[in-house]
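# Geometric and topological summary
Chain by chain, the residues run as shown.
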Amino acid sequence: LYFRDFEKHKGAVEGLYKQGVRVFPNDRDMWNNLGYYYTQVSDWPKAVDAYKAALTIDPNFDLAQRNLAVVLQKQKANGGAAR
């Protein structure tokens, strides 16, 4: 799923991504997409959790590894504690 203008449709987009991981809990891409959504809205702790879920399914998932690294860097830069 790809959405534009996350801020405008924030609640609906989050709901769709959450539904995606409920229906497909073992789909690494669904978890990565949910993490990307949280990254876009600067919800770092939830983004970290979603990327870690993707990496639990596939520890070698390069995209989720890179996305997680970006979020951890942003958390650090903004004074947020990484989990």
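Residues numbered from 1 in each chain as written. Predicted model: local features only at pLDDT ≥ 70, side-chain atom pairs only at ≥ 80, totals over all residues. Heavy atoms only, no water.

## Observations concerning the environment of Asp62
Quick note on the threshold: Where helices and strands are cited, they refer to DSSP runs of H or I of at least four residues and of E of at least two residues respectively, numbered from the N terminus. Under this definition, polar contacts are N or O atom pairs within 3.5 Å; protein pairs additionally need one hydrogen-donor-capable and one acceptor-capable atom, and for neighbouring residues in sequence, both atoms have to be side-chain atoms.
Tracing the backbone through its elements, the reader meets Asp62 in helix 4 (residues 62–77). For Asp62, the side chain forms a polar contact with the side chain of Arg66, separated by 2.8 Å.

## Digging into the packing of helix 3 (residues 44–57) against helix 4
What counts is decided by this rule: The convention used is that axes are lines fitted to C-alpha atoms, helices contributing only their stretch in contact, and that angles between N-to-C directions extend from 0 to 180 degrees. Throughout this description, any angle smaller than 35 degrees is read as roughly parallel, any larger than 145 degrees as roughly antiparallel, any in the 65 to 115 degree range as roughly perpendicular, and the remainder as oblique. Whether a crossing is left-handed or right-handed is set by the direction in which the near helix is turned from the far one by less than a right angle, anticlockwise for left-handed and clockwise for right-handed. The contact definition used throughout considers only heavy atoms, calling two residues in contact when any of these lie within 4.5 Å. Charged means Asp, Glu, Lys or Arg here, nonpolar means Ala, Val, Leu, Ile, Met, Phe, Trp, Tyr, Cys or Pro, and polar covers whatever is left, Gly included.
Following both chains from N to C, one finds helix 3 and helix 4 inclined at 155 degrees, their axes separated by 9 Å at the closest point. Taken together, the axis directions place helix 3 and helix 4 in an arrangement best described as roughly antiparallel. When you trace helix 3 past helix 4, the crossing you get is left-handed. On the side of helix 3, the interface is formed by Trp44, Pro45, Ala47, Val48, Tyr51, Lys52, Ala54 and Leu55, while helix 4 contributes Ala64, Gln65, Asn67, Leu68, Val71, Leu72, Lys74 and Gln75. Here the contact of helix 3 with helix 4 is composed, by residue class, of 11 nonpolar, three polar and two charged.

## So, the environment of Ala47
The criterion, for reference: Burial classes follow relative accessibility: with a 1.4 Å probe on protein chains only, a residue under 20% of its type's maximum area counts as buried, one over 50% as exposed, and anything between as partly exposed.
Its place among the elements puts Ala47 in helix 3. Overall, Ala47 belongs to the buried group, its relative accessible area being 0%. A C-alpha to C-alpha distance of 9.3 Å links Ala47 and Trp31, two positions 16 residues apart in sequence. Those residues in contact with Ala47 that sit more than four places away from it in its chain are Gly35, Tyr38, Thr39 and Val71.

## A look at helix 4
Selection rule: Expected helix span is computed as 1.5 Å times (number of residues minus one). Each direction from the helix axis to a C-beta atom contributes to the arc, which is the arc of those directions.
Across its 16 residues, helix 4 extends 23 Å between first and last C-alpha, which sits within 8% of the 22 Å expected from 1.5 Å per residue. Inspection of helix 4 places Ala64, Asn67, Leu68, Val71 and Gln75 among the buried residues, and these make up the whole buried set. The buried residues of helix 4 occupy an angular sector of 100 degrees when projected down its axis, which confines them to one face. Exposed residues pointing more than 90 degrees away from the buried face of helix 4 are listed as Gln73, Lys76 and Ala77. Buried residues along helix 4 sit against helix 2 (28–40) and helix 3. Gly79 occupies a position one or two residues after helix 4 and carries a positive phi of about 75 degrees.

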